[in-house]
Amino acid sequence: MSSREHNSVVVGVEGSDTASTALREAAKIAAQRELRLDIIHALDFAPYGFGGPYVDAGGVYEWVEEAGKAILAEAEQFAREIDPKLEVHTEIAIGSATQWLIESSAQARRVVVGASASGKAATAVLGNTAVGVASHGKCPVIVVRDRDGAVPSEGPVVVGVDGSALSAQAVGAAFEEAAFRGAELVALHVWSDLGSAAFEDPRAAALAPQSLEEEEHAILSESLAGWSEQYPDVKVRREVYLDNPRGRLLDWSAKAQLVVVGSRGRGGFRGMLLGSTSNTLIASAKCPVMVVRPEES
């Protein structure tokens, strides 16, 4: 962690079922860790071509603002039902929800955003909010997809490991999550970015030398070194695969309560937020996905 205070969990709401699912998860995380819950509702007129003077002249702004306050009041009541002792702060933000959530992430421990079942973000404003916040957030961002209002609370925390510096931050965040959740940690390392068909021919798989396999296991061991001492109660399971990182993570998401990845890296997780892998995880993972970006001083 940097020197900034990270004493809150931030979540955006706009009244949808997806936002309610994200709010429930954010409230649970905040209550569990005795953090403040910051709930943001964004009033973004840009997609509709409204300008400030025109909105004010027609009284539309006041009407939308009142509707936003009602959404926030309902969200606060919802959060307090999860834990009456929870400290809750609500805020109306004018402008892009993505912008406000990213700015708020600079002082947060976690940001939670929702993504609809179709993969389109639906937290605070329709559009690509989930991808935008996950790509630029200053703290770990948890993307929650709405699956009939249910978020898994059983199963392991799974982290993608590639040996990079950012991957080390993802491993640290995953250990913290596993410790708070009382969950097993699955550390998953994949040798190759190639898809599942690349090594279907046994002759191709046989080309991988034994020394390479030993090196890959060593990368995983080095990435986990020290964390087990810091979190002695977390049981760790190591999984090393030859190929298909996207498919491996998706498979594990079906039995995990959280998948943790770095926003970029090398080896089996290169370009995690720069191409199809991140979009696939956000759109199709069966459990929430936490994206960890480089820390800034």
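Residues numbered from 1 in each chain as written. Predicted model: local features only at pLDDT ≥ 70, side-chain atom pairs only at ≥ 80, totals over all residues. Heavy atoms only, no water.

In this structure, Leu37, Ile39, Val112, Val159 and Val260 are the most contacted members of the largest nonpolar core, which totals 42 residues. Examining the composition of this core, we find that seven residues originate from one element, helix α6 (residues 165-181), more than from any other. Val159 has contacts with Ala170, Val171, Ala174, Leu185, Val186, Ala187, Leu188 and Val260, leaving out every residue within four places of it along the chain. The next biggest cluster of nonpolar side chains, apart from the first, holds 31 residues, and it includes Val111, Val113, Val158 and Val291. (Core = buried A, V, L, I, M, F, W, Y, C linked by side-chain atoms within 4.5 Å. Buried < 20%, exposed > 50% of the residue type's maximum accessible area, 1.4 Å probe, protein only. Helix = DSSP H or I, 4+ residues; strand = E, 2+ residues; numbered from the N terminus. Contact = heavy atoms within 4.5 Å.)

To continue, consider the side chain of Gln257. In this fold, Gln257 is placed in the loop between α10 (245-253) and β9 (258-262). Within polar-contact distance, the side chain of Gln257 engages the backbone oxygen of Gly155 at 2.7 Å. When neighbours within four sequence positions are excluded, Gln257 is seen to be in contact with Pro152, Ser153, Glu154, Gly155, Pro156, Val157, Arg181, Ala183, Cys287 and Pro288. (Polar contact = N/O pair within 3.5 Å; in protein donor to acceptor, adjacent residues only side chain to side chain.)

What follows deals with helix α5 (residues 129-136). Across the eight residues of α5, six count as buried, placing the element largely inside the fold. Along α5, the residues that are buried comprise Thr129, Ala130, Gly132, Val133, Ala134 and Ser135.

Before going further, it helps to examine the environment of Ala150. Within the fold, Ala150 resides in the loop between β5 (141-145) and β6 (157-161). A residue is classified by how much of its surface remains accessible, and Ala150, at 45% relative accessible area, is partly exposed. Each C-alpha atom, one on Ala150 and one on Cys287, is 9.6 Å from the other, the two residues being 137 residues apart in sequence.

What follows concerns the confidence of the model for the chain. Per-chain confidence: the chain averages 79 in pLDDT, with 73% of residues scoring 70 or above. Low pLDDT (under 50) marks residues 194-199, which in the prediction has 14 contacts with non-local residues, meaning those over four places away or in another chain. (pLDDT = per-residue confidence, 0-100.)

All right, on to the packing of aromatic side chains then. With the rule as written, the count across this model stands at three aromatic pairs. Pairing Trp227 with Tyr231 gives two aromatic rings, centres 6.5 Å apart and planes at 25°, and the pair type is stacked. Residue classification places Tyr231 among the buried positions, given a relative accessible area of 17%. Joined through ring pairs, the aromatic side chains of Phe175, Trp227 and Tyr231 make up one cluster. If you follow Lys255 out to its NZ or CZ, it ends over the ring of Trp252, 4.3 Å from the centre. (Phe/Tyr/Trp six-rings, centres within 6.5 Å; stacked < 30°, edge-to-face > 60°. Lys NZ or Arg CZ within 6 Å of the ring centre and 35° of its normal.)

Moving on, we come to the sheet that holds strand β3 (residues 88-94). Taking strand neighbours across the sheet as the criterion, the ten strands line up as β3-β2-β1-β4-β5-β10-β9-β6-β7-β8 in an open arrangement whose pairing is mixed. Unpaired on one side and paired on the other, β3 and β8 (236-241) mark the two borders of the sheet. Direction aside, the axes of adjacent strands within the sheet are offset by 20° on average. Across three bridges, the pairing between strand β1 (residues 8-12) and strand β4 (residues 110-115) is parallel. Within β4, the position partnered with Val10 by the bridge is Val111. Each of β1, β2 (36-43), β4 and β5 touches helix α1 (residues 17-33); the most contacted strand, β4, lies at about 160° to it. (Pairing = 2+ DSSP bridges. Axes fitted to C-alpha atoms, helices over the stretch in contact; angles between N-to-C directions.)

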